[in-house]
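A look at the structure
The residues making up each chain are set out below.
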Amino acid sequence: MTGTWLGMPPFPVAAREALGNEQLRTNLRKATGTIRGKRAAVVDERADWEALRVAGKEIKDRTLHNLDTYLEQLERKVTESGGVVHWARDAAEANRIVIDLVRAAEADEVVKVKSMATQEIELNEALAEAGIAAYETDLAELIVQLGHDRPSHILVPAIHRNRSEIRDIFLREMPGVTAALTDDPAELAAAARAHLRRKFLTAKVAVSGANFAVADSGTLVVVESEGNGRMCLTLPEVLISVVGIEKLVPTWQDLEVMLQLLPRSSTGERMNPYTSTWTGVTPGDGPQEFHLILLDNGRTGALADDIGRQALRCIRCSACLNVCPVYERTGGHAYGSVYPGPIGAILTPQLRGVTADEVSPTLPFASTLCGACYEVCPVLIDIPQALVHLRAKAVDAKRGKPSAERTAMRVAQWVFGSSRRLRLAQRLVSIGGRVLGRRGRIGRLPGPFKGWSGARDTATPPRQTFRTWWESR
Amino acid sequence: MTAREEILGRIRSALSTVDKAEIVVSRDYQQAIEGDLVGLFAERVADYRAAVVRTTADTVPEAIAEQLAHFGIGSVVTPADLPADWVPQAVTDAPPLDVPALDAADGVVTACAVGIAETGTIVLDAGPGQSRRALTLVPDFHLCVVRTDQIVGTVPEAIARLDGTRPLTWISGPSATSDIELNRVEGVHGPRTLVVLIVG
C-alpha cells in the first residue's frame, strides 16, 4: 500500500479538527441515519439473515484458507475465456501495468468505474503523471474528483457534501453548466449524465475494479446503481480490471449468498439496480480485450495474521461505517485512508503495516469498542476483536522506549504483589486524590498523564477503601 | 522471481499454519419460496418505480404498442431474433448498430432470461430476444418482456438457472443514484425508464 495521505496527521489530531466542523457533522448525521434505517428494514425482511451471514463468512474463509489454489483456478479460467491475467506485488507495479496497457491501446484517457482498489493504489495520480486523463464516472466519485477532494465513505464517497455544496462544485468545474442549475438532486444527476455521456460513447479504454471474482467459472462481477458501470464494462474496446486477491469466491453458486448480503447491507435495497458479470471476452459483445490485474499490495501480510486475516473477508458494503459512533462524528477523512470507519481501522494498518507511518498505529484506537460494527457485518468480521489485537501490536511495536503505560504497569505489578504495599498505596491515593481533585473531580494532569487526562475527568478516589470499610463492619 | 510466483509464495507461507481442509459452506438459508410468485414479482418491480404491465401471450404486440405510445417512444431498436410481430416498426440490431445509432434511438424492446420475484430483478443473458449488452444500455427507454414461466422466487433459484460464463446483466428498476444526501434519483447513465411487461 502506498503511504498515508500526504501530510495526514494521526487520527486523534484529524478527528479533533473534524469535530469542529458543524456542516460536516450535520451532513453525516443525516446520511448515516437514513441509511441505517433503510438497511434495518430490508434485513428485518429476511428470517434467514443469520444463516446468510454464516454462509458468507464460511465462503470467504474457504477462499482465504485456499487462496493460492483459487487464484490459480481463476487465472486458468479467465485465460481460457480470452482474458489476460497480470499479477502485481504492490501499487507501483499495478499502476505500471495499467499505464503500459493504456499506452499499448494508443489512448490518452480512460473512463473509470468506482473502485476501492484503484483508489488504494492511487491510480488516477499515477495516470496523470503519465499524461493519461482518468474520468471517474460514478456520480459521487465525480463530485469528489471535480471538488479536488478525497472520498470519505466506501459506498458514498461524497457523503460529507450536501446538495448546495455539490451544486457549487458543478458550477465551478463542469463545462457548460450555467447558474440556472438548482440544487435539486434530479437536476444535479441530469447535469452529470450530460457531462459524461460523450466520454462513455467515445472512450477506448475503461478501468474497473470488481466486487467478486468467481474461481470455478472465471467470472468477474460488478455491482452498481447508476449504469456508469455498465457503460464502462460494455462500450470501450479495452477493459482493465484491478482486483484485490481477496475478492474471490470459490464457486458460481456462492454468488447467491453474496448478491443477497451485499445490497441489503450497503444501500439498504433488496437488490442494487445493476449487476454486470463477464467471463473473459465474448465475441461481438462488449470489450474485445480484457485484462485482469491481481493485486497483493499488503494483503498477504494481513493473510499471515490469524486474527487480522478476517479483515480480508470484507465485501466493502460499508454497513460498519454507518453504525459507528466515531465515524458519524469525525467523518471519513480523519482516518487518513481510502478505507475509513471500523473496517478501515483494522484493514489499513494491516495493509500498510502497523508502524508504517504516523497514522496507522493510531487507527486501532479510533473506536469505542461498542461492537455495533460486528452486529451489522454481513460476513461476521469480529472488528472489536481485531481492533484489540492490533492495539496490542501497536503498543508492542513501541516497546523498548520507556512509555508511561509501561512504567505504570511495572509499578502496579509491584504494588499488587503484596497486600501491605496495596494497603499503603490505597491510603496514599486517597490523600493524593483529595489534594488534586476539585469538587470531586480530577481534571487535566501534567507529565505522562497528559494524554489520558486531557480529554476526560477522573473521579477522585473515595475517602475509604473497600478494605477499610469491610474491616470496620 | 515473477510477481505471480512471489505472490503465490507469500500466500503459501502466510497459510503455513492454517488447516487447508476445505470449509464446508452451510446452505441452510432460504433456497426457494412458494405462493404467488408472479404477483410478488410485479409488486417488487413496481417498488423500484419501474412501470409494470400484465398481458396475455396473444396480445403482446398491442400491449407493447400501448406502452410505446404512452411514453412517446418513436424510434425503437430490437434484437434481430425478437418475434417480428412484437414491434413491427422497429429497426433490428442486424448488422449490429454503431453506438451513435443506438444513442439516437428513443428506446429498445427485449426479452429476458430470468425474473426474480423476491428482489424484483430481471436478468438478461444475451440469449434469444436479448442481443448484446450495449443494446439495453444506451437508449433511454427499455421495455422488457418477461414470461411468467421465467419467473423464479429467489436469488438461489436464479443462480441455478443461469450460466455464469455468459455475459449477464441483472436489472432491478431503472438506473438510479443515491449519492446526493442519499435521496434516490432515477436515471443517471442507464435507461431512465424501465417498463416490465409480464406475459401469461
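Looking at an unreviewed UniProt entry, one finds chain B named L-lactate dehydrogenase complex protein LldG, with Actinokineospora alba as its source organism.

For chain A, the name recorded in an unreviewed UniProt entry is L-lactate dehydrogenase complex protein LldF, with Actinokineospora alba as its organism.

All names here are of chain A. Tallied over the entire structure, the rule returns 48 salt bridges over all chains. For Lys199, the salt bridge goes to Glu109, with nearest N and O atoms at 3.5 Å. Remark: Glu109 occurs in strand E2 (residues 109–112) and Lys199 occurs in helix H10 (residues 185–202); sequence separation between them is 90 residues. The exposure class assigned to Glu109 is partly exposed, which follows from its relative accessible area of 22%. For the salt bridge of Arg150 with Glu122, the shortest nitrogen-to-oxygen distance reads 3.9 Å. Taken together, the positions of Arg150 in the loop between helix H8 (139–146) and helix H9 (163–173) and Glu122 in the loop between helix H6 (116–120) and helix H7 (123–129) put the pair 28 residues apart, joining distant regions of the chain. The exposure class of Glu122 is partly exposed, given its relative accessible area of 21%.

Residues and elements named next belong to chain A. Across the interface, H8 lies against H9 with an axial gap of 10 Å and an inter-helix angle of 65°. In this structure, the crossing between H8 and H9 has a hand that is left-handed. Contacts from Leu139, Ile143 and Leu146 of H8 reach H9 at Ile166, Ile169, Phe170 and Glu173. For the contact of H8 with H9, the class distribution of residues is 6 nonpolar, no polar and 1 charged.

Next up on the list: the environment of A:Glu17. All names here are of chain A. Of note, Glu17 is situated in helix H1 (residues 11–19). Look at Glu17 and you get exposed, because its relative accessible area is 64%. Residues Glu17 and Pro446 lie 429 residues apart in sequence; the distance between their C-alpha atoms is 23 Å.

This brings us to the nonpolar core. A:Phe170, A:Leu220, A:Leu292, A:Ile343, A:Ile346 and B:Ile11 are the most contacted members of the largest nonpolar core, which has 109 residues in total. When residues are assigned to domains, this core turns out to be shared by domain 1 (1–45 + 318–401) and domain 2 (48–137 + 204–301) of chain A, each giving three or more. The contact partners of A:Phe170, leaving out residues within four places of it in the chain, are A:Leu139, A:Ile143, A:Leu146, A:Val177, A:Leu181, A:Leu188, A:Ala191 and A:Ala192. Residues A:Leu255, B:Val114, B:Val152 and B:Val155 belong to the second largest nonpolar core, which totals 37 residues.

The subject of this paragraph is the sheet that holds strand E4 (residues 205–208) of chain A. Residues and elements named next belong to chain A. With respect to topology, 6 strands assemble into an open sheet ordered E1-E10-E7-E4-E2-E3, the strand pairing being parallel. The open sheet terminates on both sides in strands that have one partner only, identified here as strand E1 (84–88) and strand E3 (133–136). The mean inter-strand angle of the sheet, taken between neighbouring strand axes irrespective of direction, is 25°. In this sheet, E3 lies alongside E2 in parallel orientation, the contact comprising 4 bridges.

Before going further, it helps to spend a moment on the side chain of A:Arg46. In this fold, A:Arg46 is placed in the loop between helix H2 (22–44) and helix H3 (49–65). By relative accessible area, A:Arg46 is classed as buried at 6%. Dropping the residues within four chain positions of it, A:Arg46 is found in contact with A:Leu52, A:Gln260, A:Arg264, B:Gln30 and B:Glu118.

So, about H9(A). Inspection of H9(A) places A:Ile166, A:Ile169 and A:Phe170 among the buried residues, and these make up the whole buried set. Viewed along the axis of H9(A), the buried residues span an arc of 95°, placing them on a single side of the element. Tucked into the core, H9(A) has its buried residues touching H8 and H10 of chain A together with strand E10 (176–180) of chain B.

Time to look at the confidence of the model for chain B. This prediction gives chain B a mean pLDDT of 95; 100% of its residues lie at or above 70. Among the scores for the predicted complex, ipTM is 0.97 and pTM is 0.89.

Here is what the cut-offs are and how they apply
Residues numbered from 1 in each chain as written. Chains lettered and ligands numbered in written order. Predicted model: local features only at pLDDT ≥ 70, side-chain atom pairs only at ≥ 80, totals over all residues. Heavy atoms only, no water. Salt bridge = Lys/Arg side-chain N within 4 Å of Asp/Glu carboxyl O. Helix = DSSP H or I, 4+ residues; strand = E, 2+ residues; numbered from the N terminus. Buried < 20%, exposed > 50% of the residue type's maximum accessible area, 1.4 Å probe, protein only. Axes fitted to C-alpha atoms, helices over the stretch in contact; angles between N-to-C directions. Left-handed = near helix turned anticlockwise from the far one by under 90°. Contact = heavy atoms within 4.5 Å. Nonpolar A, V, L, I, M, F, W, Y, C, P; charged D, E, K, R; others polar. Core = buried A, V, L, I, M, F, W, Y, C linked by side-chain atoms within 4.5 Å. Domains from an automatic or database assignment. Pairing = 2+ DSSP bridges. Arc of directions from axis to C-beta. pLDDT = per-residue confidence, 0-100.

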